[in-house]
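Structure at a glance
Listed below are the residues making up each chain.
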Amino acid sequence: MPPLAAAATECRLSLRQSTIGRRAKDPATGHPCSMRFHGDLVVQYVVRAVGGLPWGRVVCEDPPRSFDQVFYLYDPDTFRGYQACSGIIHQMLAQTPVVCDFDLADDKWDFTYLPHTLANAIVNGFWSAMDRNMGVDPRCNVDMSMALMVRAVYSEPRALLRACQQATPAHRRLVVPAELVEKTNTTASAECCVCMEDVAAPKESSDDVVMLPFSHVFHSSCILPWFHRVSTCPKCRRDMARLLVAVTRTPKGRFPGLEATVTT
């Protein structure tokens, strides 16, 4: 995938189905407890187009990929505490083939964070078993079957923003007034063409100045919502769609299905 297209793509994970089984084991055997993760993972490719639906459109879906991994727990107290159990599950998932190909951070999950969900069920089951066993610590092997979905969402508005940022340096050397060459040198008279406020004063902590190829400057937090509606410059109405073609139409690594949605 082209670098700019990759930078405009975010992977969102979700748990579609899960089943947790427990099998008691004899502590006298001396064998450690185990946790098994197995199931299928499906990757959907979604395009969030300029002027399109906010949730995007599915353009391609990979066949399910199976995974199956067993881990041994030499500290059975892992099942006792929610935080410890959640942490170890995250580590195990990060080492499970197929699943480990994706960023498993908690902010990448839709609806629910998988390690939290599994840990909650496991720890609750452990203490329920303790009550049934009259306080005797149960030893068991845990079997977790799950169906995972990964949505690789390509955002045309974000790709367009990045393409403008990339195109600006070469263009600004030719036609942009000197006082606008660098953000750090931007004068107070330079206004964002959307909010009409000084571009030298960021509206958000992560805000940046974006200069379109026609010398018009914007806060990135202002121009990105605009690009979700249309691909034209808010000031002169020139169309930036050609920059999207430069981002995505490359011989190798196209976003699956994207070549059918981008026209020259």
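Quick note: structure is the one above.
Everything in this summary refers to the structure shown in the same document. (Residues numbered from 1 in each chain as written. Predicted model: local features only at pLDDT ≥ 70, side-chain atom pairs only at ≥ 80, totals over all residues. Heavy atoms only, no water.)

General note: in soluble globular proteins, nonpolar side chains tend to be found buried as a group. Of all hydrophobic cores here, the largest spans 36 residues; its most connected members are Met35, Phe37, Leu41, Phe79, Ile89, Met146 and Leu148. Contributing elements (two or more residues each) for this core: strand 1 (9-24), strand 2 (33-48), strand 4 (65-73), helix 2 (82-93), helix 3 (114-132) and strand 5 (140-155). Filtering out sequence-adjacent residues up to four positions away, Leu41 remains in contact with Pro63, Pro64, Arg65, Phe67, Val98, Val99, Phe102, Leu148 and Val150. Core analysis: the second largest hydrophobic core is formed by 22 residues, Ala163, Cys192, Phe218 and Cys233 among them. (Core = buried A, V, L, I, M, F, W, Y, C linked by side-chain atoms within 4.5 Å. Buried < 20%, exposed > 50% of the residue type's maximum accessible area, 1.4 Å probe, protein only. Helix = DSSP H or I, 4+ residues; strand = E, 2+ residues; numbered from the N terminus. Contact = heavy atoms within 4.5 Å.)

Here we come to the pattern of salt bridges. Going through the model one piece at a time under the given rule, you end up with six salt bridges. Across the salt bridge formed by Arg36 and Asp68, the nearest N and O atoms sit 2.7 Å from each other. Here the residue Arg36 occupies a position in strand 2, and Asp68 occupies one in strand 4, the gap between them amounting to 32 residues. Looking at Arg36, the relative accessible area reads 29%, which means it is partly exposed. We note a salt bridge from Arg36 to Asp143, for which the minimum N-O separation is 3.1 Å. Taken as a pair, Arg36 in strand 2 and Asp143 in strand 5 lie far apart in primary sequence, 107 residues in all. If you follow the salt bridges from partner to partner, you end up with Glu10, Arg12, Lys108 and Asp110 in one network. (Salt bridge = Lys/Arg side-chain N within 4 Å of Asp/Glu carboxyl O.)

So, about the side chain of Asn141. With respect to the element layout, Asn141 can be found in strand 5. Relative accessible area serves as the criterion here: at 12%, Asn141 is assigned to the buried category. In terms of polar contacts, Asn141 uses its side chain to reach the backbone amide nitrogen of Ser34, at 3.0 Å. Leaving out residues up to four positions away in the same chain, Asn141 has contacts with Gly21, Arg22, Arg23, Lys25, Pro32, Cys33 and Ser34. (Polar contact = N/O pair within 3.5 Å; in protein donor to acceptor, adjacent residues only side chain to side chain.)

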